[in-house]
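A closer look at the structure
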Amino acid sequence: MLRWNSIPTMPEKPYDHRQIELKWHARWENADFYKADEDSARPKFYVLEMLPYPSGTLHIGHIRNYSIGDALARYKWMRGYNVLHPMGWDAFGLPAEQYAIRTGQHPRKTTEANIAVFKRQIKALGFSYDWSREIDTTAPGYFKWTQWIFLKLYNSWFNPATGKAEPIETLPCPPECAGSPDALRQHRDGKRLAYVTEAPVWWCEELGTVLANEEVVEGRSEVGGFPVTRRPMRQWMLRITAYAERLLRGLEQIDWSDSLKEMQRNWIGRSDGAEVQFRLADAPSDIPEADRAILVFTTRPDTLFGATYMVLSPEHKLVDLITTPEQRAAVADYKAEVARKSDLERTELARQKTGVFTGAHAVNPVNNEKIPIWIADYVLASYGTGAIMAVPGHDTRDLEFARKFNLPVRLVVQAPGGADSTGFVGDGVSVNSGFLSGLPTPEAKTKINAWLEEKGLGRATVNFKLRDWLFSRQRYWGEPFPILWKPAPGGAFRHEAIPESALPLQPPDLTDFKPAATGEPPLARAKDWVCLPDGSRRETNTMPQWAGSCWYYLRFTDARNDAQFCGAGPERYWMGTAPGQAAGKPGVDLYVGGIEHAVLHLLYSRFWHNVLFDLGYVSTPEPFFKLVNQGLILGEDGQKMSKSRGNVINPDDILREYGADALRLYEMFMGPLEMVKPWSTKGVEGVYRFLGRVWRLFVDEKSETEFEQHQTAHGQDDPESLARVELSRAIRDVPPTPTQLKTLHACIKKVTEDLDGFRFNTAISALMVFVNDAITWETKPAAVMREFLVLLHPFAPHLAEELRSKMAGPNAAATIAYEPWPAFDPAVLAEDTIEMPVQVNGKLRDKIIVPIGAPEADIRAAALASEKARQFMEGKPVKKVIIVPRRLVNIVV
RNA sequence: GCCGGAGUGGCGAAAUGGCAGACGCACAGGACUUAAAAUCCUGGGUCCGUAACAGGACGUGCGGGUUCGAGUCCCGCCUCCGGCACCA
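Here the residue numbers are simple positions, counted from 1 along each chain's written sequence. Following the order in which they are written, the chains are lettered starting with A and the ligands numbered starting with 1. The predicted origin of the model limits local features to residues at a pLDDT of at least 70 and limits the giving and counting of side-chain atom pairs to 80 or more, whereas totals for whole chains, interfaces and linings rest on all residues. To obtain the side-chain values, all non-hydrogen atoms of the structure were included, while hydrogens and water were left out.

A short note on the sheet that holds strand S26 (residues 627-629)
Two strands pair if DSSP finds at least two bridges between them. The way it works is that DSSP assigns letters per residue, a run of H or I at least four long becomes a helix, a run of E at least two long becomes a strand, and they are numbered from the N terminus. The 4 strands lie next to each other as S2-S1-S25-S26, forming an open sheet whose pairing is parallel. With one partner strand each, in any of the chains shown, strand S2 (82-84) and S26 form the two edges of the open sheet. The sheet shows a mean angle of 20° between the axes of neighbouring strands, taken without regard to direction. Relative to S2, strand S1 (residues 44-49) runs parallel, the two being bridged by 3 bridges. Across the sheet, residue Tyr 46 finds its bridge partner in S2, namely Leu 84. Note on definitions: a residue-residue contact is assigned when non-hydrogen atoms from the two residues lie within 4.5 Å. Each axis is a line fitted through C-alpha atoms, and for a helix only the stretch in contact is used; angles between axes span 0 to 180 degrees, taken between their N-to-C directions. Sheet strands in contact with helix H17 (residues 568-575) are S1 and S2, and its direction is about 90° off that of S1.

Pasting the structure below:
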């Protein structure tokens, strides 16, 4: 056993992980084993883990993420694939900037320091990254291309006719714009995929910036949990809504978990319905013709006969026009009250419905009935048309409102089974609905839609919950927009793209990073940077953190290209669309990361990718073909890890005690990869013991003593000491016995199948089963042991490399990484006889041994002859004997 | 409320409709040791039963069902985790 004499209190280690890891890190570093190469004839495999934001220290959860990717990368190399497995840093973001605000230290400094720590920790874990492709999203050579992609968005529009993004120049010029450059310009600006708008946005006081819908959770910022409020501001938006349908449909072609796809579907929120026009009744003469109708969106046009009132959102533009003098004060009060409420309050105490009558009426187009128009904050200005027809008979919210304000309820859908139809919201049969009566709901919908269309009163339409992406932030530490504001006649300023040749646009140096309460970005302080000699000014907002991570997987295919964001050749090769590559699975072959980015990063990057695809810059419609989400690791107490709970596990401590192999192995062994699991340091100890058993399986005990003595004499880190360790004498070049072969091939089969199915926990248990068996063998055939090391390598690469180097002899390759993966031979596992359980009435009573190919009659006879089984059949006639070949026998009495 | 996912020993878990609990942790007993650590061996769902070995009954959140046979399939519930939530 190893004894670390210098530290007498430390328990003895099963093996010296430290020396082994140091040795192999140096070799991997120097030899470029994991460098990816586009020229290979082998099939490609692109495996990618979500880029980390380099914060203070690596989290134990990152390691689960990377261990999964690394095991697959190593496995695929051994299966003969040409693997691309890169790593980088998504390093723009709030924490570095918050730190800068507190301390005055430039975020660049903090970021560099954090990257250094992350890199050291990741390297200490021995992951197989191609470091020559390392990316830092904050490096000018990288964000140059982020800005370039922004310009593509800015200079494109979405053509509904082709369903694609196209250069803005192809936008047809409407007749009224002909000959007026100003009008044309306005027309174009209204269609760009990146556009400026003055709209209510989420403002976070504490962070001093606006946030996207996706970054606001229950009225608070996703980062930090600070309250957010609605506030109108001039902001940059990306027209992701144009891609709602594409983003929805694209999900069908990719291999993601159902739950993740469902989260994206919910967020996009497609809903099929109809728009219906309700004309105002007795409209005052001062209302222009265009405003004499209210457009509503409904998913239930079939219930039109049940509409007994209408509701506008308090912010609806018609409210002030239609309100009668008697109701004016009440309406004004209500609007003021709603405006005072924060959105948090609006959702939190949303239980009691509120609203007021406007005094105005509209006409229900199907029956010419006059119905009252109310305003209420349960109707949202931002969804649909901001107005509804209320059908209290068949809508929960309308019913609640109608009951509170004594509005009539009319039933127009009969619930199936004759149940009470009040408040029934499902599909039934139309009643009391004129020409719709008697029709089942789906047919009633079709019929009324046709009727509305014919009368010019409405049409079938689709609505989405997805909103455009608020893309600007009032921060310093982000990509500056490549946009200038040029003075125009009348003192206005107009946005204009800076030329591509001027990229990257670098941010100015600042010393004060504090946000302003006014919402003016910190960049505005850099007057020299902002104001250009010709009187134009730079845009002072920056892009959100998500910008850089939207496209990094493309940059990895050609990370050092100065002329393009990535070259078409490498892009096609690694995304799988180059000539001669197997089609059908375009994109990154495996993307591993946490579920927390379901509607942020993963939606945003799909959107950008779609645009780049339309414009011909990438060759696949979707970025990530296969995606898996590793589950969160909780603290040992089963709670989320956090400093305040004091249950955070520091990877450095685990690494020092148990080594990289044990840490990685444990994180893959703890359970199915997508499951949330509590941490257990005892569990790490368990797999560490397993690795120690592997070590002892291979090495000679006496030579270990020499190893220790050498260490004592020359210091713990002397690289020569490992050379003293010799291979166990039990490992010999002898042919394996059939049992030994069986043990090996059972292991090959299980590990191979489980790796293909991402079942790391059971793959590792199969390795353990092999070791538990092999440890009892007096003679260990070298061929068997060598193959076992190949199976071990994806999970514990350091130990596998070291032991293999002991076995391989001087002429072997320098690494195990390209050894061929062993093939499983079913013939080896074939048995002559098989043990079959015998059940009586489904209960296990005995076991019999029968030859493998025995005819059913023989098995039946053997089972019926069983003494133990007969005790339970006494006196009862045998009704039936079920024989499941190779499985079991069940006697029914 | 709606949409996902999950409920199996003391714990993490495993099980193409066919022997429930592989593998690991923790625990207990033993070997080695002056002793400990490490290592090795053995044990283990619960209950009844036996001097012991036998032997038996029950057992995968709860209640039904399908089946020769259900952790697995179907119906109805309960609990936990994640997401969405006045989205018309």
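Structure's up, so let's keep going.
Looking at the protein's contact with RNA strand B
Summary of the distance rule: residues count as near a molecule or strand when at least one heavy atom falls within 4 Å of that molecule or strand. With respect to spatial proximity, 51 residues lie near RNA strand B, and among them Thr 299, Lys 353, Tyr 383, Arg 397 and Lys 677 are the closest. Restricting attention to atoms of RNA strand B within 4 Å of the protein, one finds that 61% of them are sugar or phosphate atoms. In the analysis that follows, any N or O atom pair within 3.5 Å is treated as a polar contact, provided that within protein one partner can donate a hydrogen and the other can accept it, and provided that, for residues neighboring in sequence, both atoms belong to side chains. At 2.7 Å from a sugar or linking oxygen of RNA strand B is found a main-chain nitrogen or oxygen belonging to Tyr 378. Note that a sugar or linking oxygen of RNA strand B is positioned 2.6 Å from one of the backbone N or O atoms of Met 670. The biggest single contributor to the surface near RNA strand B is helix H23 (residues 760-774), with 6 residues. Residues are grouped as follows: Ala, Val, Leu, Ile, Met, Phe, Trp, Tyr, Cys and Pro are nonpolar; Asp, Glu, Lys and Arg are charged; every other residue, Gly included, is polar. Partitioned by chemical class, the residues of the surface near RNA strand B number 21 nonpolar, 12 polar and 18 charged.

With respect to the nonpolar core
Buried Ala, Val, Leu, Ile, Met, Phe, Trp, Tyr and Cys residues form a nonpolar core when they are joined through side-chain atoms within 4.5 Å. Each residue's exposure class comes from its accessible area (1.4 Å probe, protein chains only) as a fraction of the maximum for that residue type: buried when under 20%, exposed when over 50%, partly exposed otherwise. Within the largest apolar cluster, 185 residues are counted, with the highest numbers of intra-cluster contacts made by Phe 150, Trp 469, Trp 608 and Phe 698. Ranked by residue count, the leading element in this core is helix H2 (residues 60-78), at 10 residues. Beyond its immediate stretch of four places on either side in the chain, Trp 469 contacts Ala 212, Trp 236, Met 237, Leu 238, Ile 240, Pro 544, Trp 546, Cys 550, Tyr 604, Phe 607 and Trp 608. The next biggest cluster of nonpolar side chains, apart from the first, holds 45 residues, and it includes Tyr 309, Val 356, Ala 360 and Leu 457.

Focus: empty space enclosed by the protein
For each structure, a 1 Å grid was placed over the protein atoms alone; sets of points admitting a 1.4 Å probe that cannot get out are labelled cavities, open sets with protein on both sides within 12 Å along at least five of seven lines are labelled pockets, and lining residues have an atom within 4 Å of a point. Grid points are joined across faces, edges and corners, and a volume is the space filled by probe spheres set on the points. Per the stated rule, a full pass over the model turns up 1 cavity of 30 Å³ or more. Lining the largest cavity, in full, are Arg 64, Ile 68, Glu 667, Met 668, Gly 671, Pro 672, Leu 673, Phe 758, Phe 760 and Asn 761. Counting residues per element, the ones that place at least two in the lining of the largest cavity are H2, helix H19 (651-669) and H23. Here the lining of the largest cavity is composed, by residue class, of 6 nonpolar, 2 polar and 2 charged.

Quick look at helix H1 (residues 17-31)
Helix span, as expected, comes to 1.5 Å for every residue beyond the first. The terminal C-alpha atoms of H1 lie 21 Å apart, and with 15 residues this matches the ideal 21 Å at 1.5 Å per residue to within 8%. Those residues of H1 that sit buried are His 17, Gln 19, Ile 20, Glu 21, Trp 24, His 25 and Trp 28. Buried residues belonging to H1 abut H2, helix H4 (107-124), H19, helix H20 (681-698), helix H21 (701-714) and helix H25 (797-808).

Some details on the side chain of Ser 536
Note that Ser 536 resides in the loop between helix H14 (527-530) and strand S24 (537-538). Residue class for Ser 536 comes out buried when judged on its relative accessible area of 0%. For Ser 536, the side chain forms a polar contact with the side chain of Asp 534, separated by 2.4 Å. Setting aside residues no more than four positions away along its own chain, Ser 536 makes contact with Leu 484, Trp 485, Lys 486, Pro 487, Val 530 and Cys 531.

Let's talk about the sheet that holds strand S31 (residues 833-840)
With mixed pairing, the 4 strands of this open sheet are ordered in space as S32-S31-S34-S33. One side of each edge strand has no neighbouring strand; the edge strands of this open sheet are strand S32 (843-851) and strand S33 (880-884). Neighbouring strand axes in the sheet, compared pairwise and without regard to direction, differ in orientation by 20° on average. Alignment of S31 against strand S34 (residues 888-892), held across 3 bridges, turns out to be parallel. Its bridge partner lying in S34, Gln 839 is registered against Asn 890.

So, the state of the cysteines
Linking two cysteines covalently through their sulfur atoms gives a disulfide. Disulfides are defined in this document as cysteine sulfur pairs within 2.5 Å. According to the stated counting rule, one finds 0 disulfides in the structure shown. For Cys 177, which is in no disulfide, the shortest distance to another cysteine sulfur is to Cys 173 and amounts to 5.1 Å. On the basis of relative accessible area, Cys 177 is assigned to the buried category, the value being 7%. Distance from the sulfur of Cys 566, which forms no disulfide, to the nearest cysteine sulfur (Cys 550) is 14 Å. Residue class for Cys 566 comes out buried when judged on its relative accessible area of 3%.

Let's talk about the environment of Ala 497
Relative to the helices and strands, Ala 497 resides in strand S23 (residues 493-497). Taking C-alpha positions, Ala 497 is 68 Å from Leu 741, a pair spaced 244 residues apart along the chain. Beyond its immediate chain neighbours, meaning those up to four positions away, Ala 497 contacts Leu 151, Tyr 154, Asn 155, Pro 482 and Ile 483.

Quick notes on the packing of H20 against H25
Closest axis-to-axis distance for the H20/H25 pair is 11 Å, and the angle between their directions is 5°. Considering their axes alone, H20 and H25 lie roughly parallel with respect to each other. Along its contact with H20, which presents Leu 691, Val 694, Trp 695 and Phe 698, the element H25 presents Leu 799, Glu 802, Leu 803 and Met 807. Split by residue class, the contact of H20 with H25 holds 7 nonpolar, no polar and 1 charged. Just so you know how the angles are binned, under 35 degrees is roughly parallel, over 145 roughly antiparallel, 65 to 115 roughly perpendicular, and the rest oblique.

What to know about the pattern of salt bridges
The salt bridge criterion pairs a side-chain nitrogen of Lys or Arg with a carboxyl oxygen of Asp or Glu, the two atoms within 4 Å. Using the criterion set out here, one finds 43 salt bridges in the structure. Close ionic contact of Arg 74 with Asp 70 constitutes a salt bridge, the shortest N to O distance being 2.7 Å. Note that Arg 74 and Asp 70 are positioned in helix H2 at a spacing of 4 residues, about one turn of the helix. By relative accessible area, which is 0% here, Asp 70 ends up buried.

Comments concerning unusual backbone geometry
Looking along the chain, the bond that leaves Leu 503 and enters Pro 504 is cis, with omega of -5°. Note on placement: Pro 504 falls in the loop between S23 and H14. Even without a glycine there, the phi angle at Asp 32 is positive, about 55°. In this structure, Asp 32 sits in the loop between H1 and S1. Overall, Asp 32 belongs to the partly exposed group, its relative accessible area being 45%. At Asn 368, a residue that is not glycine, the phi angle is positive and equals roughly 55°. If you trace the backbone, Asn 368 turns up in the loop between strand S15 (356-364) and strand S16 (369-375).

Some words on the environment of His 59
Mapped onto the fold, His 59 is located in the loop between S1 and H2. You can call His 59 partly exposed: its relative accessible area is 28%. Sequence separation of His 59 and Ser 128 is 69 residues, and the distance between their C-alpha atoms is 19 Å. Here His 59 is in contact with Met 641 and Pro 651, once residues within four sequence places are set aside.

Let's talk about the packing of H2 against H19
The interhelical angle for the contact between H2 and H19, taken along N-to-C directions, is 50°, at an axis separation of 9 Å. Judged by the angle between their axes, H2 and H19 are oblique. Remark: the crossing between H2 and H19 carries right-handed chirality. Between H2 and H19, the contacting residues are Ile 60, Ile 63, Arg 64, Ser 67, Ile 68, Asp 70, Ala 71 and Arg 74 on the first element and Pro 651, Leu 663, Arg 664, Glu 667 and Met 668 on the second. Residues belonging to the contact of H2 with H19 are distributed by class as follows: 7 nonpolar, 1 polar and 5 charged. Two helices cross in a left-handed way if the nearer one is turned anticlockwise from the farther one by less than a right angle. They cross in a right-handed way if the turn is clockwise.

None of the figures reported here should be taken as evidence of function without further support.
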